[in-house]
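These are the residues of each chain, in order.
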Amino acid sequence: MKNIAITKDIQSQLTPDAVLKDLLDGNNRFVNGNSQATDNAALVNQTTGGQYPKAVVLSCIDSRVPVETVLDQAIGDIFVARVAGNFENVDILGSLEYSCNVAGSKLILVLGHESCGAVKAACDGVELGNITEMLSKIMPAVKKSAVEVDGEANSSNKAFVAKTVENNVLLTMERIRKNSQILAEMEDNGEIKIVGGVYSLHTGKVNML
Ligand SMILES: [Zn+2]
């Protein structure tokens, strides 16, 4: 039964590698149908005065990838920043910097997922309202995949979509390092790690890149 929230002491003793293992262990519990029972009332009670999350996950808005559920995490465990296509912008970067530099999180996990609708729309060059500007953030990944994958460069090509999902995660990680001096320095100092993975809609498993 999960009934003890993370404290400042617990958080300060965690390493980035230990946090990554913890999240992947949680994903294994989810995949195997062994998700932890949780005493939410106890966790709510213990976290009213503050929070010391171990990680921040940057994920898509997709309803099939509820982050806390698929990583088997509870109240107080992780920050989650969500935007269709799980890319960074200045507001997301600020959120990641807050998570790690102010609130003490040890890991940034950029989490893409199989058959991402935002990635597929970017692959097809969809233009619609504010979605056009949003998809422009995913276009660098589309362009990279176009030279790496044979066949049609649109969403009808499953290999092309899958590669673009991966490239979008990898390029997002690169841009986080490039555009956040705070996070790049924390990673260089070993205080945090920036990692990427892709969630499979078929198996429920997070595969690290
Ligand atoms: Zn998505």
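As the structure is a prediction and not an experimental result, all values here were calculated from the model.

S.K.: When you look at the UniProt feature "binding site: Zn(2+)" (unreviewed entry) in the protein chain in this model, what are you seeing that I'm missing?
M.R.: In the numbering used here, UniProt assigns the feature "binding site: Zn(2+)" (unreviewed entry) to C60, D62, H113 and C116. Across 57 residues in sequence, these annotated residues keep their C-alpha atoms within 8.7 Å of one another, forming a single compact spot. Within the secondary structure, C60 sits in the loop between strand 1 (55–59) and helix 4 (67–70). Those residues in contact with C60 that lie beyond four places of it in its chain are R82, V83, A84, G85, N86, L111, H113 and C116. Residue placement: C116 occurs in the loop between strand 3 (107–113) and helix 6 (117–123).

S.K.: Please clarify how the packing of helix 5 (residues 90–102) against helix 10 (residues 181–188) should be interpreted in this entry.
M.R.: At their nearest, the axes of helix 5 and helix 10 sit 9 Å apart, and the two run at 40° to each other. It follows that helix 5 is oblique to helix 10 by the angle criterion. As for how helix 5 packs across helix 10, the hand of that crossing is left-handed. Between helix 5 and helix 10, the contacting residues are L96, E97, C100 and N101 on the first element and I182, L183 and M186 on the second.

S.K.: How should I be thinking about unusual backbone geometry in this particular structure?
M.R.: Across the chain, the bulk of peptide bonds are trans and the bulk of non-glycine residues have phi less than zero. Phi angles above zero are rare outside glycine, and D72 is one such case at about 45°. Here D72 shows up in the loop between helix 4 and strand 2 (78–82). If you check the backbone angles, N86 has positive phi at about 40° while not being a glycine. The topology assignment puts N86 in the loop between strand 2 and helix 5.

S.K.: Just checking my understanding: could you explain a nonpolar patch on the surface for this structure?
M.R.: There is a patch of nonpolar side chains on the surface, built from V126, L128 and I131 and spanning about 230 Å² of accessible area. With respect to the secondary-structure elements, L128 resides in the loop between helix 6 and helix 7 (131–136). Among the residues examined, L128 registers a relative accessible area of 54% and is labelled exposed.

S.K.: What exactly am I supposed to notice about helix 5 here?
M.R.: Count 3.6 residues to each turn of an α-helix, and residues three or four apart come out pointing the same way. Helix length check: helix 5, at 13 residues, gives a terminal C-alpha distance of 17 Å against a target of 18 Å (1.5 Å per residue), a fit within 8%. The complete set of buried residues in helix 5 reads I92, L93, L96, S99 and C100. One side of helix 5 holds all its buried residues, which, seen down the axis, span an arc of 125°. Within helix 5, the exposed residues directed more than 90 degrees away from the buried face are V90, D91 and V102. Sitting at the amino-terminal end of helix 5 is N89, which places a side-chain oxygen 3.0 Å from the backbone nitrogen of D91. Of the residues flanking the end of helix 5, it is G104, one or two places downstream, whose phi is positive at about 85°.

S.K.: Just checking my understanding: could you explain the packing of aromatic side chains for this structure?
M.R.: Considering all chains together, one arrives at 1 aromatic pair under this definition. Consider the rings of F79 and Y98, whose centres lie 6.1 Å apart with planes at 75°: the pair is edge-to-face. Residue F79 is located in strand 2, and its partner Y98 is located in helix 5; the two are separated by 19 residues in the primary sequence. Residue classification places Y98 among the partly exposed residues on the basis of a relative accessible area of 41%.

S.K.: Is there a simple way to think about the coordination of the zinc ion in this case?
M.R.: Between any two of four tetrahedral donors, the ideal angle at the metal is 109.5 degrees; between two of six octahedral donors, it is 90 or 180 degrees. In this structure, C60 (SG), H113 (NE2) and C116 (SG) serve as the protein donors to the zinc ion, at separations of 2.1 to 2.3 Å. Mapping the donors of the zinc ion onto the primary sequence gives the spacing C-x52-H-x2-C. With C60 in the loop between strand 1 and helix 4 and H113 in strand 3, this pair connects stretches of sequence that are 53 residues apart. Taken individually, C60 and H113 each receive the classification buried, so the pair is uniform in this respect.

Definitions and cut-offs
- Residues numbered from 1 in each chain as written.
- Predicted model: local features only at pLDDT ≥ 70, side-chain atom pairs only at ≥ 80, totals over all residues.
- Heavy atoms only, no water.
- UniProt positions renumbered as here; feature names shortened; annotations may be inferred.
- Helix = DSSP H or I, 4+ residues; strand = E, 2+ residues; numbered from the N terminus.
- Contact = heavy atoms within 4.5 Å.
- Axes fitted to C-alpha atoms, helices over the stretch in contact; angles between N-to-C directions.
- Parallel < 35°, antiparallel > 145°, perpendicular 65-115°, else oblique.
- Left-handed = near helix turned anticlockwise from the far one by under 90°.
- Patch = residues over 30% accessible without salt bridge, like charges linked within 9 Å, V, L, I, M, F, W, Y side chains within 5 Å.
- Areas by Shrake-Rupley, 256 points an atom, 1.4 Å probe, with all protein chains shown as cover.
- Salt bridge = Lys/Arg side-chain N within 4 Å of Asp/Glu carboxyl O.
- Buried < 20%, exposed > 50% of the residue type's maximum accessible area, 1.4 Å probe, protein only.
- Expected span 1.5 Å × (residues − 1).
- Arc of directions from axis to C-beta.
- Polar contact = N/O pair within 3.5 Å; in protein donor to acceptor, adjacent residues only side chain to side chain.
- Phe/Tyr/Trp six-rings, centres within 6.5 Å; stacked < 30°, edge-to-face > 60°.
- Donors = N, O, S within 2.8 Å, 3.2 Å for Na, K, Ca; no water.

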